[in-house]
Amino acid sequence: MIANLHNADIPQPVLDVIARLRELGHAVYLVGGCVRDMVRLVHPKDFDVATSALPQEVLGAFRKVIPTGIQHGTVTVLQNGTHVEVTTFRSEGDYLDGRRPSSVAFERDIVKDLSRRDFTINAMAYNPLDRELVDPFGGQSDLRAQLIRCVGSAQERFSEDGLRPLRAVRFAAVLGFALDSATRAAIPATLGVFRKVALERVREELVKLLLSPRAESGLLLLADTGLLDVFLPELARAEASAAASVRAAVQASPLEVEVRVAVLLADLVDRAQARDIGLRLKFPNKVADLVALLVEHAKAETRVGEPDAALRRLLARLGPPQLPLWAAVVRARVGVRQPDALPAVEALIARVEALAAAKPPLTAKDLSLTGGDIMAALGVGPSPIVGEATRFLVESVLDDPSLNTADALRQRLQAWQAQVAR
């Protein structure tokens, strides 16, 4: 596997930073996820550099440096237009709150730095100049075995940072690895620490898991370890067959956050609950609202055979831009739960898509009469009756789009006004 490192495509600005620090007599390595990915022949998204140089020494070694996290030993070097993150080797004090160390001490030894990391596959360091791999905890071996294993004691690692158990499951789902038995066994015993983790961080890991190629197995592992019950009891406590269907439907859905979250919730909760869960997990309001909308209309199998007017109302409620997302949620659910109903549901989706392609009037802004036109036709100024009249006209054109002409709408208004006046 080390041969993969020697042949890795490392950006020249990163190599230049490493070479400069070496020139000044400092130990310097690539560390963490980039080493793991290069060993696996995956091009890293980021290249993180660790060095024995103190932050002030790194600041003095380059012309342009941003002290991004200097109190923790991290600075960002601007090298030929590229941002290179450089962190001083460090050890950490006790984790008193289950989230962050109480103190950080700078070190000169790369092994001490690696020993504070979460999993063996993330605790490797590589010096591309000397082609030296530092792997004190068996990261290469665990990569070959496709195993997620904590550095040292899993109980200690998970007690230090409550997010680590969720990260372990997420890595297993993303990479298709198994959890080492001791690592897995330590999760239920440290759920109390996990409960202290900010839900923003939980959401970030959940999204990565949901968008992984093995979301179904990842969700099952979350349930089996007790993690899921902490932040999504609605799924964790569902009946076994219902939970299995949800997991399979998520796996079958496209890799879009809103779609996968909607599929996750559609058969467990209603619209209002779905929105509450989205907000509880710190999704942006816009995402929570969209998920709730998709959940509300996910059970399209109940709408097979409805008339065009009802489907135009569905389209108006969804909004045409959301139609592909809705169709994806519907297909994923029905394909798993009721595969025999899928042909009829596909025909329904095709009908809604055809209605959308005809660009029918769906909202007040699509009417051939403006608000001013409606007031003139009614002989009134701004008042609640204008809103009532507008809603009446919208309902009229949803029933029959051909009515959306100025003359036809005025005639409808006159009839409506006469009825209201009785």
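Values in this document were obtained by computation on a predicted structure and should not be read as measured data.

A. A look at the overall build of the chain. For the chain, the helix and strand inventory stands at 24 helices and eleven strands. The C-alpha extent of the chain, read off along each of the three principal axes, is 90 × 50 × 40 Å. Going through the 422 residues of the chain one by one, you find that 48% of them count as buried. At a minimum sequence separation of 6, the contacts of the chain that also span at least 24 residues come to 65%. Just so you have it, the chain exposes about 19,100 Å², and 51% of that area is on carbon and sulfur atoms. Side-chain charges of the chain comprise 51 positive and 51 negative groups, with the mean position of each set lying 2 Å from the other.

B. Inspection of the packing of helix 15 (residues 240–252) against helix 16 (residues 257–265) at higher detail. With their axes 8 Å apart at the nearest point, helix 15 and helix 16 run at an angle of 165° to one another. Considered as vectors, helix 15 and helix 16 are oriented roughly antiparallel to each other. The two elements helix 15 and helix 16 meet at a crossing, and its hand is right-handed. Each of Val246, Ala249, Val250 and Gln251 in helix 15 lies in contact with helix 16, whose residues at this interface are Arg260, Val263 and Leu264.

C. A look at the nonpolar core. Judged by nonpolar contacts, the single largest core of 122 residues is most densely connected at Leu30, Ile148, Leu222 and Trp326. Examining the composition of this core, we find that nine residues originate from one element, helix 20 (residues 323–337), more than from any other. When neighbours within four sequence positions are excluded, Trp326 is seen to be in contact with Leu294, His297, Ala300, Leu314, Leu318, Ile349 and Val352.

Cut-off values and rules
Residues numbered from 1 in each chain as written. Predicted model: local features only at pLDDT ≥ 70, side-chain atom pairs only at ≥ 80, totals over all residues. Heavy atoms only, no water. Helix = DSSP H or I, 4+ residues; strand = E, 2+ residues; numbered from the N terminus. Buried < 20%, exposed > 50% of the residue type's maximum accessible area, 1.4 Å probe, protein only. Contact = heavy atoms within 4.5 Å. Areas by Shrake-Rupley, 256 points an atom, 1.4 Å probe, with all protein chains shown as cover. Lys, Arg positive; Asp, Glu negative; His and termini not counted. Charge placed at Lys NZ, Arg CZ, Asp CG, Glu CD. Axes fitted to C-alpha atoms, helices over the stretch in contact; angles between N-to-C directions. Parallel < 35°, antiparallel > 145°, perpendicular 65-115°, else oblique. Left-handed = near helix turned anticlockwise from the far one by under 90°. Core = buried A, V, L, I, M, F, W, Y, C linked by side-chain atoms within 4.5 Å.

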